[in-house]
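Take a look at the letters that make up each chain.
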Amino acid sequence: MKFKDSFGRGQLIALCTVIVLVPALRLFPSAAAQFAGQAAWLSAPAGFLPVLLYILLLSNLMERRMEGEGLAELYLRALGPFAGKILLGLSALWFLFYGGFMLRSGADRFITTIYPNSSSPFFSLTMGILGTVAAMGAVRSLARVAKMVQPVVLGVLLLVLVTALFTVDMSNLLPVTKHDALPVAKGGIATVNVLTAVLYLVCFVEGLTPKSAGRARSFSLWALGISVLLCVISFDIIGNFSPELTASLTQPFFSLVRNIVFFRTLERVEALVGTLWVFPDFLMISLLLYCAQHCIRLVLGHSGEYRGEKLFDLRRGRWVIPLCGLVSSAASVIIAPNAQSLEFWSEKLVPLINLAYALLFIPAVYLVGRARKTL
């Protein structure tokens, strides 16, 4: 094909690393602290085993793809054109809804950390426009951006975490007893929630990467590294704020950044860190819009693959892309008009839908495809 929007697995994993920070820093460790208290810093490792099993399932499914197929095409092959298109339509609705929520929660973070007297629709609509423009281009560009910003984002994150270690109060973290095992396991649900969302999203664009051995190993090592990172984040935040305060915080990581003073002179660095987090937001929203438009274009009988079209070329069903951006942007303005409702969406509704999609829909597709011998 003349215009091949392809990239390697290394860039795909870099994309995973950057976008996983968006839900991770929103949920960790507040969600785990509500269940496990001072032992919540162990919840990230506790969630690693179910994530590992999920990676094995996804790898087994993706190894059955043909060249150029992603998860959307596997849906059609596994379920047939009718049931497959229904599931693609439901998937697109979920991605558009999730994109709207990400736009809204990103705007809330900006208001909380940098612009306290601002209005959320301005930030939501601006990022929605940028994500729409990116979704009209090559996914390879998103992967390259992720590869470039990954060292900077992780470097700043690690600098904050290492600095925060010096102010940790170990009485907020210990003792941990055998009675904490069940609460820690419940807190591990947040780990499963964060990682599964990223793992299945990249499967929709994995058709743009060449098939090669070692998929399960690569993603397992990635998940292990992220689990360790989440453990350190939880350790620092709970150690500094106490489990009770952590459980009540809506932006715990950025609250931690606000309290850090570098070299006894540089204060109030949360604005710089918050601005840097525009890149993970942008990549996450762009990927969600791309996945949504890809599913819809397949339902309409078009290929969702980018073939080098110009930005305003709306042929081959590309008119769907700005429509998806419009829907997600509108959803971001409508949902969660206040902080209390946003907390409900963030802690209850969105995680529940995500787990249902990841742990029910996708395994069901795999089982049906195997039973029909179409996979």
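Model, not experiment: these values are computed from the prediction.

Visitor: Would you take a moment to explain a nonpolar patch on the surface for this structure?
Guide: Together, Phe82, Ile86, Leu90, Leu93, Leu359, Leu360 and Phe361 give the surface a local cluster of nonpolar side chains, amounting to about 720 Å² of exposed area. Elements with a minimum of two residues in the nonpolar patch: helix 6 (81–113) and helix 16 (339–372). A total of four residues in the nonpolar patch trace back to one element, the largest contributor, which is helix 6. Overall, phenylalanine 361 belongs to the partly exposed group, its relative accessible area being 34%.

Visitor: Is there a simple way to think about the packing of helix 8 (residues 139–165) against helix 10 (residues 215–241) in this case?
Guide: To describe two helices that pack against each other, one gives the angle between their axes and the distance between the axes. It is the contact of helix 8 with helix 10, at a shortest axis distance of 9 Å, that shows an interaxial angle of 40 degrees. Of the possible angle classes, the one that applies to helix 8 and helix 10 is oblique. The two elements helix 8 and helix 10 meet at a crossing, and its hand is left-handed. For the pair helix 8 and helix 10, the contacting residues are Leu154, Leu157, Leu158, Leu161, Val162, Ala164 and Leu165 in the first and Leu229, Val232, Ile233, Phe235, Asp236 and Asn240 in the second. Its residues assigned to classes, the contact of helix 8 with helix 10 comprises 11 nonpolar, one polar and one charged.

Visitor: Just to check I follow, could you spell out the state of the cysteines for this structure?
Guide: A covalent bond between the sulfur atoms of two cysteines is referred to as a disulfide. Under the criterion given, the structure shown has zero disulfides. A disulfide-free cysteine, cysteine 203 has its sulfur positioned 8.5 Å from the sulfur of cysteine 16, the nearest such atom. For cysteine 203, a relative accessible area of 0% gives the class buried. The structure places no disulfide on cysteine 324, whose sulfur is separated from the nearest cysteine sulfur, that of cysteine 295, by 9.2 Å.

Visitor: So what exactly am I meant to see when it comes to the environment of aspartate 236 here?
Guide: Position of aspartate 236 among the secondary structure elements: in helix 10. Note on aspartate 236: relative accessible area 0%, which makes it buried. Expressed as a C-alpha distance, the spacing of aspartate 236 and leucine 221, which sit 15 residues apart in the sequence, is 23 Å. Setting aside anything within four residues of it in sequence, one finds aspartate 236 in contact with Leu161, Val162, Ala164, Leu165, Val168 and Leu256.

Visitor: Any chance you could explain helix 1 (residues 9–27) here in plain terms?
Guide: In a regular helix each residue adds 1.5 Å, so 19 residues correspond to 27 Å; helix 1 covers 27 Å between its end C-alpha atoms and thus fits that length. Its axis deflected by about 30 degrees at leucine 21, helix 1 carries its strongest bend there, up to four residues before the proline proline 23. Counting buried residues along helix 1, 17 of its 19 residues qualify, which places the element largely inside the surrounding structure.

Visitor: Could you clarify how one ought to interpret unusual backbone geometry in this entry?
Guide: Backbone phi values are negative for most residues with the exception of glycine, while trans is the configuration of most peptide bonds. Going from phenylalanine 28 to proline 29, the amide bond is cis rather than trans, its omega being -10 degrees. Its identity is not glycine, yet serine 242 carries a phi of approximately 85 degrees, on the positive side. With respect to the helices and strands, the residue serine 242 is situated in the loop between helix 10 and helix 11 (243–248). Note on serine 242: relative accessible area 16%, which makes it buried. Phi at lysine 373 is positive, roughly 60 degrees, even though this residue is not glycine. Secondary-structure assignment places lysine 373 in the segment after helix 16.

Visitor: So what exactly am I meant to see when it comes to the packing of aromatic side chains here?
Guide: Each aromatic ring pair is specified by the distance between its two centres and by the angle formed by the two planes. Taken as a whole, this structure holds 13 aromatic pairs when the rule is applied. Ring plane angle 15 degrees and centroid distance 5.7 Å describe the contact between tyrosine 357 and phenylalanine 361, whose orientation is recorded as stacked. Of this pair, tyrosine 357 and phenylalanine 361 both sit in helix 16, separated by four residues, roughly a single helical turn. Through successive ring pairs, a cluster of aromatic residues spans Tyr75, Phe95, Tyr200, Phe204, Tyr357 and Phe361.

Visitor: Just to check I follow, could you spell out the pattern of salt bridges for this structure?
Guide: Proximity of charged atoms lets side chains of opposite charge pair with each other. This model, assessed by the stated rule, comprises three salt bridges. Of the charged contacts in the structure, one is a salt bridge between arginine 77 and glutamate 69, with a shortest N-O distance of 2.8 Å. The exposure class of glutamate 69 is buried, given its relative accessible area of 11%. We note a salt bridge from glutamate 206 to arginine 215, for which the minimum N-O separation is 2.7 Å. Look at glutamate 206 and you get buried, because its relative accessible area is 3%. Judged by relative accessible area, which is 4%, arginine 215 ranks as buried.

About the criteria used
- Residues numbered from 1 in each chain as written.
- Predicted model: local features only at pLDDT ≥ 70, side-chain atom pairs only at ≥ 80, totals over all residues.
- Heavy atoms only, no water.
- Patch = residues over 30% accessible without salt bridge, like charges linked within 9 Å, V, L, I, M, F, W, Y side chains within 5 Å.
- Areas by Shrake-Rupley, 256 points an atom, 1.4 Å probe, with all protein chains shown as cover.
- Salt bridge = Lys/Arg side-chain N within 4 Å of Asp/Glu carboxyl O.
- Helix = DSSP H or I, 4+ residues; strand = E, 2+ residues; numbered from the N terminus.
- Buried < 20%, exposed > 50% of the residue type's maximum accessible area, 1.4 Å probe, protein only.
- Axes fitted to C-alpha atoms, helices over the stretch in contact; angles between N-to-C directions.
- Parallel < 35°, antiparallel > 145°, perpendicular 65-115°, else oblique.
- Left-handed = near helix turned anticlockwise from the far one by under 90°.
- Contact = heavy atoms within 4.5 Å.
- Nonpolar A, V, L, I, M, F, W, Y, C, P; charged D, E, K, R; others polar.
- Disulfide = S-S within 2.5 Å.
- Expected span 1.5 Å × (residues − 1).
- Bend = angle between axes of the 7 residues up to and from the residue.
- Phe/Tyr/Trp six-rings, centres within 6.5 Å; stacked < 30°, edge-to-face > 60°.

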